[in-house]
Amino acid sequence: MSVLAWDDVRYVVKTKDADGNNTGSKEILRGTSGRSSSGRVLAVLGPSGCGKTTLLNALSGRLRAKRGDEIHGRVTYDGASLNRSGTSAALSYVEQEPKFFSNLTVRETLTLDARLRGKSDDDVDELVMSTLKKMSLMSCADTVVGGDTGGKAVAGISGGERRRLAIASETLGLGTDARGLVVLVDEPTSGLDAFQADKMVEKLVDIAERETACVVCTLHQPRSASFSKVHDLLLLASGGRVAYLGPSEEVVEYFKSIGHVCPDHFNPAEFVIDLVSIDVDDGDGDERIEARSHERVEGIVAAWKRHERKTKIASREKMETLIATPSTKAVARKNRCGPMRQFRLLAGRAWRQARREMWVNGVRMMASIGLAAAFGGCNFQVGLGPRSVKRRVAVLMQACINTSMLALVKSLNGFPRERATVRREMSRESGGYSPGPYFLSKLLIETPIDMVFPVVFGGVMAPMVGLNKAGRKMFLTTLALQSAAASSLGLCISALSPNSEVALAIGPCVMVLNIMLGDTSGAFTEVPDSLAPLSKLSLIRHAFEGVLCSEFEGLVFSKEDTDAKSKQIAKTAKGVKKMARKFQDGIAPRTGEDVLEGLGLPTRGHATKAAKSQVGVTVMNIAVTYAALVCKKGK
């Protein structure tokens, strides 16, 4: 029989007040110790805030100490450090609120997980089918999982089915390995009705007994039927202090022996949780109630320590430190397919996600056409007179800003939604994948789709405005590249930001800076010489220069304005004098090259150079995003 053991696990965090000032420290775990045997389910019970989830995070190696925090402890599996490459156990961690890719079905989700674990195609179907049956997921096998990881929230499977899918996904095929299996599950019954919660506990017991696995789960107020199914119980008081550790059927007798008798026909789980809970508000302000609660809890913890020393339930072996800092932790990556296969599998998932969101892309298409019609209507047929120069420049700048903002907002909204799912999948010991295949597959599928919308926008707007037909192809290419560059900037900001809220706050500010530094021609504003080198990083600059050159190269202007507004002004004598004075202020440009020369831009071939600069900025953003994903991997 294999044993998962942890000894003297401590976690101390710094506390701060509302103004961010340090106020001291708080012990979340005060030397928690325990053990779980293979083939058995250990239920961790205790009041809210006692450290149940923190303990599971510590056992799984996911607990990350911030600056000033402290983590200490020893955790082993059969005497070997659990989270090191030499361990003989496969570790699976099931989160409390599991997230999946919303547009994949339950079967497709498990099939992808099996293939990422290196299973052959011949074994995948059989393994997935048996897993669906074992976890009672056959009825929803071909139903989409649902969630909000795509372009919209999708209705999918129920909460109980989602929890069972999470367990199936994390343990898929691991029982067939020669290694042992450790399954850590954080509150799998929370939010479920009593019947579904009981079925969930049954599945955990089945996994423990069938796969000979060590299953440790935190339970929140289990019903008596569920409590009777688990093999062992770890009862925690505040600070993660152990109040009981042993077989669940013996807990009532143990507490009876120390003076706490469980009433007849009373749920033992509720009884023991009440015993270690602190009554901080009894309604009448009597502080003696809280004092007696503290006294009771301290007495129970002390009684368990005496009982533990007397019976020697938990041996104190000299084991190497397990909970190491991220810099020294080396996690084994077994049962993982190669990078190229990961890329193909993840690209297939990305394509299914995108294909099943076609109606979302349809809405984006209609929005692009509507915006193009609005732009074209406000600047309809500007003509080739001197007055059209300013209007053309303004339309081109507005087109660049519009394309950039739409692509940026889409990335800022979409990428953070799936980041939690991707982080969970990449952190798997078995069946995880690297940031590179995921990121490249995402770019391969999503970038071409995103580039279609600015092309449609420009294709509708350009004829309405009367833009240069000769430069139309380069104009549309520049807008498409601008969408890719802005989308890559959104990915970069999202990857660097700690959460989606920060990304959404920073993204528009960064785009405004790009707009401020985007007009080096001086058509609208002047960029200071001190900021001129920084303007090379501006998305707007390269796009604006590209569309200017594609528009004005080869364009020949007439001496008089021929657009509808100019003709209307010219009908009055006052209007004729006004236009005459305007033309006397300077010499009207005869060709587009005159305009480009006046803006300080090359008169030939600069549109291609600007496009290359757009590609360079896109590659730079992609590189930074990839580096951020690698650095934050597993965090």
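As the structure is a computational prediction, the values presented were derived from the model and not from experiment. (Residues numbered from 1 in each chain as written. Predicted model: local features only at pLDDT ≥ 70, side-chain atom pairs only at ≥ 80, totals over all residues. Heavy atoms only, no water.)

**Q** What is the right way to look at the packing of helix α12 (residues 387-426) against helix α15 (residues 500-516) in this model?
**A** When two helices pack together, their arrangement is given by the angle between their axes and by how far apart the axes lie. With their axes 10 Å apart at the nearest point, α12 and α15 run at an angle of 160° to one another. Considered as vectors, α12 and α15 are oriented roughly antiparallel to each other. Between α12 and α15 the crossing geometry is right-handed. Judged by residue contacts, Ile401, Ser404, Met405, Leu408, Leu412, Asn413, Pro416 and Arg419 of α12 engage Ser500, Ala503, Leu504, Gly507, Pro508, Met511 and Ile515 from α15. Here the contact of α12 with α15 is composed, by residue class, of ten nonpolar, four polar and one charged. (Axes fitted to C-alpha atoms, helices over the stretch in contact; angles between N-to-C directions. Helix = DSSP H or I, 4+ residues; strand = E, 2+ residues; numbered from the N terminus. Parallel < 35°, antiparallel > 145°, perpendicular 65-115°, else oblique. Left-handed = near helix turned anticlockwise from the far one by under 90°. Contact = heavy atoms within 4.5 Å. Nonpolar A, V, L, I, M, F, W, Y, C, P; charged D, E, K, R; others polar.)

**Q** What exactly am I supposed to notice about unusual backbone geometry here?
**A** Among all residues save glycine, negative phi is the norm, and among peptide bonds the norm is trans. Within the chain, Ser136 stands out as a residue other than glycine whose phi angle is a positive 55°. The residue Ser136 is located in the loop between α3 (121-134) and α4 (159-171) in this model. The phi torsion at Gln221 lies on the positive side, around 50°, for a residue other than glycine. With respect to the helices, strands and loops of the structure, Gln221 is situated in the loop between β8 (214-218) and α6 (224-229).

**Q** Got a minute to help me understand the pattern of salt bridges in this structure?
**A** Opposite charge on two side chains lets them pair, provided their charged atoms get close. Inspection of every chain in the model, using the stated rule, returns 26 salt bridges. The closest approach of N and O atoms between Arg163 and Glu97, which form a salt bridge, is 3.7 Å. Placement of the pair is Arg163 in helix α4 and Glu97 in the loop between β6 (89-94) and α2 (106-116), with a sequence separation of 66 residues. Residue classification places Glu97 among the exposed positions, given a relative accessible area of 54%. Residue Lys442 pairs with Glu418 through a salt bridge whose shortest N-O separation is 3.2 Å. Of the two residues, Lys442 is situated in helix α13 (residues 435-465) and Glu418 in helix α12; the sequence distance between them amounts to 24 residues. The residues Lys442 and Glu418 share a single accessibility class, namely buried. (Salt bridge = Lys/Arg side-chain N within 4 Å of Asp/Glu carboxyl O. Buried < 20%, exposed > 50% of the residue type's maximum accessible area, 1.4 Å probe, protein only.)

**Q** How do you make sense of the packing of aromatic side chains when you look at a structure like this?
**A** Each pair of aromatic rings is reported with the distance of its centres and the angle of its planes. Tallying each qualifying case throughout the model produces eight aromatic pairs. Ring pairing ties together the aromatic residues Tyr244, Tyr254, Phe255 and Trp304, which thus form one cluster. Cation over ring: Arg424 sits above Phe100, and NZ or CZ is 4.9 Å from the ring centre. (Phe/Tyr/Trp six-rings, centres within 6.5 Å; stacked < 30°, edge-to-face > 60°. Lys NZ or Arg CZ within 6 Å of the ring centre and 35° of its normal.)

**Q** What is the right way to look at the nonpolar core in this model?
**A** Across soluble globular proteins, nonpolar side chains show a tendency to be buried alongside one another. In terms of nonpolar packing, the biggest core is built from 91 residues, with Leu4, Trp6, Leu45, Val106, Val182, Leu234 and Phe255 touching the most fellow members. In terms of residues, this core owes the most to one element, helix α5 (residues 194-211), which gives seven residues. (Core = buried A, V, L, I, M, F, W, Y, C linked by side-chain atoms within 4.5 Å.)

**Q** Even after reading the chapter, I still don't get helix α20 (residues 606-631), so can you show me in this structure?
**A** Residues that lie three or four places apart on an α-helix share one face, since the helix turns once every 3.6 residues. The end-to-end C-alpha distance of α20, which contains 26 residues, comes to 38 Å, matching closely the 38 Å that a straight helix rising 1.5 Å per residue would cover. The secondary structure elements touched by the buried residues of α20 are α12, α13, α14 (472-496) and α16 (539-552). (Expected span 1.5 Å × (residues − 1).)

**Q** Is there a simple way to think about a nonpolar patch on the surface in this case?
**A** The grouping of Leu496, Leu531, Leu534, Leu537, Met620 and Val624 at the surface amounts to a nonpolar patch, some 480 Å² of accessible area in total. Examined against the element boundaries, Leu531 turns out to sit in the loop between α15 and α16. Relative accessible area serves as the criterion here: at 34%, Leu531 is assigned to the partly exposed category. (Patch = residues over 30% accessible without salt bridge, like charges linked within 9 Å, V, L, I, M, F, W, Y side chains within 5 Å. Areas by Shrake-Rupley, 256 points an atom, 1.4 Å probe, with all protein chains shown as cover.)

**Q** Teacher, can you tell me more about the sheet that holds β8 here?
**A** Hydrogen bonds along the backbone pair up the strands of a sheet, which may run parallel or antiparallel. Strand order across the open sheet formed by six strands is β6-β7-β8-β3-β9-β10, with mixed pairing between neighbours. Looking at which strands have only one partner, the edges of the open sheet turn out to be β6 and β10 (241-247). Put simply, the sheet's adjacent strands are angled 15° from each other on average, direction ignored. Relative to β8, strand β3 (residues 40-45) is paired through five bridges, and the arrangement is parallel. Paired with Val41 across the bridge in β8 is Val215. Here helix α1 (residues 52-60) sits on the sheet and contacts β3, β6, β7 (180-186), β8 and β9 (232-237); the angle it forms with β7, its principal contact strand, is near 150°. Sitting on the sheet, α4 is in contact with β6 and β7, with an inclination near 155° to β6. (Pairing = 2+ DSSP bridges.)

**Q** Which parts of the structure should I look at to understand α2?
**A** Judged by how many residues are buried, α2 sits mostly within the fold: eight of eleven residues are covered. Within α2 the residues assigned to the buried category are Val106, Thr109, Leu110, Thr111, Leu112, Asp113, Ala114 and Leu116. In this structure, the buried side of α2 is in contact with α3, α4 and α10 (339-355).

**Q** Help me understand the sheet that holds strand β1 (residues 3-16) in this model?
**A** Pairing in this open sheet of four strands is antiparallel, and the strands run β2-β1-β4-β5 from one edge to the other. Since the sheet does not close on itself, it has two edges, and those belong to β2 (22-37) and β5 (80-81), each with one partner.

**Q** Looking at this model, I keep getting lost on the environment of Leu489. Mind explaining?
**A** By secondary structure assignment, the location of Leu489 is in helix α14. Owing to a relative accessible area of 9%, Leu489 belongs among the buried residues under this scheme. Considered as a pair, Leu489 and Val624 are 135 residues apart in the sequence and their alpha carbons are 9.4 Å apart. Not counting chain neighbours up to four residues away, the residues in contact with Leu489 comprise Leu408, Val510, Met511, Asn514, Leu539 and Asn621.

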